[in-house]
Structures are given as structure tokens and as C-alpha cells.
Amino acid sequence: TPSCCRPCGVSDMSSNSYSRPLALTLWYSALFVVGSIVIVLLTYWLAAQSLTQRDQQIVQAKLGEYATVYVRGGLGALAATVQAEQRTAPERLFVRVVDRGSETIVLSEREGWDQTTLETASLRLVDGTLVQVGKSTDARRDVLARFRAMLGLVTVSIIVVALTGGWIATRSALAPIRQLTGAVQ
């Protein structure tokens, strides 16, 4: 229909019948995806912070416990406590004692400790002895790697849901406009 024969305010919807709904679908989907990704990233950051804090609490608790054992029973009692825990604990801790003469005594097994992945805490006792306790970050990194993989699947699912939901919302929002346009033509 030539533009001079159309009623005022009525446009030819056929030329834009796909571009407007597509633009709206993408707009709705983009808003949903961006909001969801922010939530996913925040969830990951909170989980990583929580695991880090848990590891630090374990190290601090063990440091206090080992210092108490050392003060009450000396190096022999501490060595026995550490060896018993190394055999039964699900996660090994690194334990080192530096006596007043700067002699280092490592009470945990030396094998398998990577200094770059070890988080430690130290406590100097009244007699000058330094007790150090450390925990590897390997277990936390493994948990976070699995969590990232799951969050990746969740993010892909969010994108699919967002595109589908945006398309459905756009179709239902534009249905009355299409009906009105059809009735006017």
C-alpha cells in the first residue's frame, strides 16, 4: 500500500515484522543474562571467600591447639599429637617448630608440600619457640574448579532460558499490536 493511502499513524508492519520482536527479545534476554551473570559471579566470590575463611580458621584453631600441647608437654607431646593426626585426619596440616636456637624441626611429613600453595600462621611462645601451622590450598582450588564448571553449566542454562523467555514475552507483548494492525489494514 502506498504511504499516501494509509491511515495516519499506521505504519507498514511487514517490513519490520521480524526486526522489532528480535530486538525486544535480545533486549529482554540481555538484561536477564547480565543480571544472572552478576549473581553467578557474586555467588562464586562468596563461595571462594567462605572456603578461604574456613581454611584460615582451621589453621588458627590448630595453631592454638598445638601451642597448648607444646606448652603442657613439650616437643615430644606435640610430635605425638601431630603424628596421630597425620595418620587419621582427612586433610594433612604442615607443622614446623623453630626452637630458641633457630633449629627447625618439621613434625609433619616433608613429602608432598608445595610452599607456593601453603598458607601458614605462626605463634611465638613465651620461651621463644615458634610454632607454625600450614594448610595447602589444593583442596580449595579443586572444589572451586568443580564449582566453576557447575556455574558454567548454570550460566549456559540461564542464557537458553533468557532467550526463550525473551522470545515468549516479546510474542505475547506484540500480539495485541499485530491484531490491531491486522484489523486496521
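Note: the structure precedes this text.
So, how was this worked out
- Residues numbered from 1 in each chain as written.
- Predicted model: local features only at pLDDT ≥ 70, side-chain atom pairs only at ≥ 80, totals over all residues.
- Heavy atoms only, no water.
- Helix = DSSP H or I, 4+ residues; strand = E, 2+ residues; numbered from the N terminus.
- Buried < 20%, exposed > 50% of the residue type's maximum accessible area, 1.4 Å probe, protein only.
- Contact = heavy atoms within 4.5 Å.
- Pairing = 2+ DSSP bridges.
- Phe/Tyr/Trp six-rings, centres within 6.5 Å; stacked < 30°, edge-to-face > 60°.
- Core = buried A, V, L, I, M, F, W, Y, C linked by side-chain atoms within 4.5 Å.
- Salt bridge = Lys/Arg side-chain N within 4 Å of Asp/Glu carboxyl O.
- Axes fitted to C-alpha atoms, helices over the stretch in contact; angles between N-to-C directions.

S.K.: Please explain the overall build of the protein as it appears in this structure.
M.R.: On a plain count of helices and strands, the protein comes out with two helices and four strands. Along the protein, helices and strands appear, N-terminal first, in the series α-β-β-β-β-α. Burial status across the protein gives 28% buried among its 185 residues. Put simply, of all contacts in the protein between residues at least 6 apart along the chain, 61% involve residues at least 24 apart.

S.K.: Whenever I open this one, the pairing of strand β3 (residues 118–124) confuses me. Can you help?
M.R.: Looking down a regular strand, the side chains alternate between one sheet face and the other. The pairing of β3 with strand β4 (residues 130–136) spans seven bridges and is antiparallel. Across the sheet, Arg124 pairs through a bridge with Leu130, a residue of β4. Adjacent in sequence and paired antiparallel, β3 and β4 are bridged by five residues, among which Gly128 carries a positive phi angle near 95°.

S.K.: Can you help me understand the packing of aromatic side chains in this one?
M.R.: Any aromatic ring pair is given by two values, namely how distant the centres are and how the planes are angled relative to each other. A complete count under the given rule lists one aromatic pair for this structure. Consider the rings of Tyr44 and Phe147, whose centres lie 6.3 Å apart with planes at 15°: the pair is stacked. Placement of the pair is Tyr44 in helix α1 (residues 19–88) and Phe147 in helix α2 (residues 138–184), with a sequence separation of 103 residues. Among the residues examined, Phe147 registers a relative accessible area of 23% and is labelled partly exposed.

S.K.: Help me understand the nonpolar core, please; the structure alone is not making it clear to me.
M.R.: Considering soluble globular proteins, one finds that nonpolar side chains tend to be buried as a cluster. Counting 16 residues, the largest nonpolar core has Tyr66, Leu78, Val82, Leu107 and Val133 as the members making the most contacts within it. The greatest single-element share of this core, amounting to eight residues, is contributed by α1. Each residue touching Val133, except ones within four places of it in the same chain, is listed here: Val59, Lys62, Leu63, Tyr66, Leu93, Phe94, Glu119, Thr120 and Ala121.

S.K.: Explain the pattern of salt bridges to me, please; I cannot follow it from the model alone.
M.R.: Pairing is possible between side chains that carry opposite charge, provided their charged atoms lie close to one another. A complete count under the given rule lists nine salt bridges for this structure. Arg54 is the partner of Glu91 in a salt bridge, and the nearest nitrogen-oxygen pair spans 3.4 Å. Residue Glu91 is found in the loop between α1 and β1 (94–98), and its partner Arg54 is found in helix α1; the two are separated by 37 residues along the sequence. Residue class for Glu91 comes out partly exposed when judged on its relative accessible area of 30%. Across the pair Lys62 and Glu85 runs a salt bridge whose closest N-O atoms are separated by 2.9 Å. Judged by relative accessible area, which is 19%, Lys62 ranks as buried. Residues participating in the shared-partner salt-bridge network are Arg54, Asp55, Glu91, Glu119, Lys135 and Arg140.

S.K.: I'm lost on the sheet that holds β3 in this one. Help?
M.R.: Across a sheet, paired strands are connected by hydrogen bonds in the backbone, their directions being either parallel or antiparallel. One open sheet holds the four strands; their spatial order is β2-β1-β4-β3, and the pairing between them is antiparallel. Every other strand in the sheet has two partners, leaving β2 (104–106) and β3 as the edge strands with one partner each. Taken over all neighbouring pairs, the strand axes of this sheet differ in orientation by 20° on average, direction set aside. With three bridges connecting them, β1 and β2 associate as antiparallel partners. Paired with Val97 across the two strands is Ile105, which belongs to β2.

Interpretation note: all reported values are geometric properties and have no functional meaning in isolation.
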